[in-house]
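# Structural overview
Each chain is listed here by its residues.
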Amino acid sequence: MNYTILECWEKSPGNWVVRIQLNEFISVFCNCDEKPSQEKVNSIAEKYLEDMKNQEENEKTYLKQVEEKNASEN
C-alpha cells in the first residue's frame with residue numbers, strides 16, 4: 001500500500017522531516033537521513049502501524065493480567 005506524504009522538508013543537511021497519512025484519522029511526523037522515497041515512506045508507515053498494533057495487544061494483555069490478579073485476591 002502506498003501511504004500519502006503530506007509534507008516533506010529538509011530540516012538540516014541529512015535530516016529530513018516527513019509527515020505521513022497512516023489512515024483517515026492518523027498522520028505522523030518521522031525523521032529520515034535522506035529525502036524519503038515512496039518505498040521508504042511505505043516502510044516507515046508499516047512499521048509504525050505494526051508498533052501501534054503491538055502496543056494495543058500488550059495493553060490488553062496487561063489489563064487482563066490485572067483483572068485476573070484482582071479476581072484472585074478477592
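Note: the structure precedes this text.
These lines cover the structure that appears in this document, whether it is placed above or below. (Residues numbered from 1 in each chain as written. Predicted model: local features only at pLDDT ≥ 70, side-chain atom pairs only at ≥ 80, totals over all residues. Heavy atoms only, no water.)

A separate point is the environment of lysine 35. Tracing the chain through its elements places lysine 35 in the loop between strand S3 (27–32) and helix H1 (38–73). A residue is classified by how much of its surface remains accessible, and lysine 35, at 58% relative accessible area, is exposed. Taking the C-alpha atoms as reference points, lysine 35 and tryptophan 9, 26 residues apart in sequence, are found 8.1 Å from one another. (Helix = DSSP H or I, 4+ residues; strand = E, 2+ residues; numbered from the N terminus. Buried < 20%, exposed > 50% of the residue type's maximum accessible area, 1.4 Å probe, protein only.)

This part takes up the pairing of S3. Residues Val28, Cys30 and Cys32 line the buried face of S3, whereas the alternating positions Ser27, Phe29 and Asn31 sit on a face that is not buried. The pairing of strand S2 (residues 15–21) with S3 spans six bridges and is classified as antiparallel. What sits directly across from tryptophan 16, in S3, is cysteine 32. In textbook terms, the turn of a hairpin is the stretch between consecutive antiparallel strands, and for S2 and S3 this stretch comprises five residues. (Pairing = 2+ DSSP bridges.)

Moving on to the pairing of S2. The pairing of strand S1 (residues 4–12) with S2 spans seven bridges and is antiparallel. Counted as the bridge partner of cysteine 8 is valine 18 from S2. Counting the residues that bridge the hairpin from S1 to S2 gives two residues, and of these glycine 14 lies at a positive phi of roughly 75°.

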